[in-house]
Amino acid sequence: GMNRQKKLAVLVGVLVALCAIIAIVSGVQKHIDTISTVDEEIFATAESALTEVSWTKDGNSLQLVKNGDTWQDAADSDFPLDQDKVSDFLSHFESVHASFLIEDVEDFAQYGLDDPSCTVTLTSADGSATLQMGDYSTMDEKRYVTLGDGTVYLIDDDLEQYVADDRDDLMRVDTIPEYDTLDSIVATGETAFTAEYHPDEDLCYTDAYAYYLNENGSYSPLDTTKVEGVITTLNGIDRSEYVNYRTKDSDLAVYGLDAPTATFTVTYTKDDEQKSTTLAFGKNGDNCYLRMDDSPIVYRIDSDSYTDDVTTIGYDTLRPSEVLSLNWDDVESIDFTVDDATYTVEKKGDTYKIGDDVVEFDDVADAVDGLKVNEFNTDTPEKKQEAAFTVHLDKDSYPTLTVTIYQYDGDNCLVQLDGTTLGFVSRSLVVDLTEAVNAITLGLA
């Protein structure tokens, strides 16, 4: 410690001597600002105490006033300010710390404070405080600020980065809120479907599915990830361009929202309370618009995004890609037909048998689980059957499932479940299955 302090004292002495020499050489005794290292809270305020905040940044000015508990644009109380964004911004002023203190400043220009790039004024019942922000010291990675008392501070957290460049950055954006469970999505118009959450109902041969397409009381399973992905897609539509934030019913026709081209009504549960929200899409000429519920905000959205991402949502984008999602505990036996020969594999506990022979079934089970549709269609098979299997289940309501696979072309086969075409399955997956079945039946009488 002592040794280091000695060295430091010597260095400071050298620095003072150098400064004196420089001053003599230049013929003028320069004013030298006094710099000290501190860890000091230079400003503190709580959002709850503030009644007004205003700022100027890069030539743009904004003044917010608090009306009750709500922040408003002083010049335009209709503007839908996002209260969370305002709170987030103000949280950075709760405690402002400086690590350097520069006193006796005569020339503020050297810190960029003769013409501050950003000025923030915070007002409470106790009065106002103004923070002026100057240059960013890249060496220290800190911003120069002054509170107008002749002292310049280097602050630890660069406040300027949190100041909105533009009022639009603080606008509320309407999105589907966070939920605990997604209960249903009902779409109308250019895309029409009803997806419902039925996790515990016996609507299918397996308990692997929680969501179903409901067509007049007829249920088809849906992929949970794909259904929840609809919310991600709808929330992900760019809402940065608003065309109106004072929308009245009489304005809706201008945006084609008096007769929407598509709507999505999303019902969800949050904290044991069920709620619904509706997104309506409208078109006028080449322009496409979005509004949520009776929000005053109408957004212009990208028409390609509407066509590609929104109107394509439907059964084929939501249904499971796996041919079967078996719960193997429910399987009693499977009849495989490969190359015109049929074999029955019986399951007893974890043991699989063909006749009296125990067979190693893992590869077959993996191949069955691995069958995936790569493109849904309703084509009728025109070529010969390649393979088929019937699963017998210990379920009264769904005793059997039959998968039939037909030749199609060099890349794909056509697959049916209980006589209904699902679409194309890669030929390589079918080869995996037939080879796995051949491996366990080889050499059996």
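Quick note: structure is the one above.
A brief structural summary. (Residues numbered from 1 in each chain as written. Predicted model: local features only at pLDDT ≥ 70, side-chain atom pairs only at ≥ 80, totals over all residues. Heavy atoms only, no water.)

### Structural notes on the side chain of Thr263
Moving on, step 1. As for its placement among the helices and strands, Thr263 is situated in strand β15 (residues 262–270).
Moving on, step 2. Only 2.6 Å separates the side chain of Thr263 from the side chain of Thr188, close enough to count as a polar contact. (Helix = DSSP H or I, 4+ residues; strand = E, 2+ residues; numbered from the N terminus. Polar contact = N/O pair within 3.5 Å; in protein donor to acceptor, adjacent residues only side chain to side chain.)

### Some thoughts on the nonpolar core
Moving on, step 1. Among the nonpolar cores identified, the biggest contains 63 residues, and Val53, Trp55, Val120, Leu122, Phe193, Phe264 and Phe281 are the most heavily contacted of them.
Moving on, step 2. Look past the residues within four positions of Val120 in its chain and what remains in contact with it is Val53, Ser54, Trp55, Phe93, Ala129, Thr130, Leu131, Met133 and Val163.
Moving on, step 3. If you look at the next biggest cluster of nonpolar residues, it comprises 41 residues, including Val368, Leu371, Leu393 and Leu417. (Core = buried A, V, L, I, M, F, W, Y, C linked by side-chain atoms within 4.5 Å. Buried < 20%, exposed > 50% of the residue type's maximum accessible area, 1.4 Å probe, protein only. Contact = heavy atoms within 4.5 Å.)

### Here's the deal with the sheet that holds strand β10 (residues 181–189)
Moving on, step 1. Reading across from one edge, β13-β12-β11-β10-β15-β16-β17-β18-β14 is the order of the 9 strands in this open sheet, with antiparallel pairing throughout. The open sheet terminates on both sides in strands that have one partner only, identified here as β13 (218–222) and β14 (242–244). With strand direction ignored, the average angle separating the axes of adjacent strands in the sheet is 25°.
Moving on, step 2. Relative to β13, strand β12 (residues 211–215) runs antiparallel, the two sharing 5 bridges. Bridging from a neighbouring strand, Asn214 pairs with Tyr219 of β13.
Moving on, step 3. Along the sheet, helix α3 (residues 224–236) contacts β10, β12, β13, β15 and β16 (273–284); its crossing angle with β10, the most-contacted strand, is approximately 70°.
Moving on, step 4. Here helix α4 (residues 303–310) sits on the sheet in contact with β15, β16, β17 (287–292) and β18 (298–301), set at roughly 125° to β16. (Pairing = 2+ DSSP bridges. Axes fitted to C-alpha atoms, helices over the stretch in contact; angles between N-to-C directions.)

### Quick notes on the packing of aromatic side chains
Moving on, step 1. Across all of its chains, the model carries 17 aromatic pairs by this definition.
Moving on, step 2. Between Phe193 and Phe264, the aromatic rings sit 6.4 Å apart at their centres with planes inclined by 65°, giving edge-to-face as the arrangement. Placement of the pair is Phe193 in strand β11 (residues 193–197) and Phe264 in strand β15, with a sequence separation of 71 residues.
Moving on, step 3. Residue Phe264 is classed as buried on the basis of its relative accessible area of 0%.
Moving on, step 4. Relative to Tyr289, the ring of Tyr255 lies with its centre 5.0 Å away and its plane at 65°, an arrangement referred to as edge-to-face. Here Tyr289 lies in strand β17 and Tyr255 lies in the loop between β14 and β15, a separation of 34 residues in the sequence. Exposure class is identical for Tyr255 and Tyr289. Each is buried.
Moving on, step 5. Linked through ring pairs, Trp328, Phe336, Tyr352, Phe361 and Phe389 together constitute an aromatic cluster.
Moving on, step 6. Over the ring of Phe79 we find Arg167, and its NZ or CZ is 3.8 Å from the ring centre. (Phe/Tyr/Trp six-rings, centres within 6.5 Å; stacked < 30°, edge-to-face > 60°. Lys NZ or Arg CZ within 6 Å of the ring centre and 35° of its normal.)

### Remarks on the sheet that holds strand β6 (residues 118–124)
Moving on, step 1. On the basis of which strands lie adjacent, the open sheet formed by 9 strands has the order β1-β5-β9-β8-β7-β6-β2-β3-β4 and antiparallel pairing. Every interior strand has two partners, whereas the edge strands, β1 (34–43) and β4 (70–73), have only one. Ignoring strand direction, the axes of neighbouring strands in this sheet form an average angle of 25°.
Moving on, step 2. Across 4 bridges, the pairing between strand β7 (residues 127–137) and strand β8 (residues 142–146) is antiparallel. For Tyr136, the partnering residue across the bridge sits in β8 and is Arg143.

### Remarks on unusual backbone geometry
Moving on, step 1. The phi dihedral of Asp104 is positive, around 55°, even though this residue is not glycine.
Moving on, step 2. When you line up the elements, Asp104 lands in the loop between β5 (96–103) and β6.
Moving on, step 3. Look at Asp104 and you get partly exposed, because its relative accessible area is 48%.
Moving on, step 4. A positive phi angle, near 50°, is found at Asp339, a position not held by glycine.
Moving on, step 5. Relative to the assigned elements, Asp339 resides in the loop between β19 (331–338) and β20 (341–348).
Moving on, step 6. Owing to a relative accessible area of 63%, Asp339 belongs among the exposed residues under this scheme.

### Some thoughts on the packing of helix α6 (residues 362–369) against helix α7 (residues 427–441)
Moving on, step 1. In the contact formed by α6 and α7, the axes pass within 9 Å of each other and the chain directions differ by 160°. Overall, the two elements α6 and α7 adopt an arrangement that is roughly antiparallel. Seen from above, α6 lies across α7 with left-handed handedness. Between α6 and α7, the residues in contact are Asp363, Val364, Ala367 and Val368 and Asp432, Leu433, Ala436, Val437 and Ile440, respectively.
Moving on, step 2. Of the residues that constitute the contact of α6 with α7, the class distribution is 7 nonpolar, no polar and 2 charged. (Parallel < 35°, antiparallel > 145°, perpendicular 65-115°, else oblique. Left-handed = near helix turned anticlockwise from the far one by under 90°. Nonpolar A, V, L, I, M, F, W, Y, C, P; charged D, E, K, R; others polar.)

### Quick notes on the pairing of strand β24 (residues 385–393)
Consecutive residues of a regular strand have side chains that alternate between opposite faces of the sheet.
Moving on, step 1. Here β24 lies mainly inside the structure; 7 of its 9 residues are buried.
Moving on, step 2. Two strands pair when backbone bridges link them, and β19 and β24 are joined in this way by 7 bridges, in the antiparallel orientation. Bridge pairing links Asp335 to Thr390 in β24.
Moving on, step 3. The sheet contact formed by β24 and strand β25 (residues 400–407) spans 7 bridges and is antiparallel. What sits directly across from Gln385, in β25, is Tyr406.
Moving on, step 4. Count of turn residues in the β24/β25 antiparallel hairpin: 6 residues.

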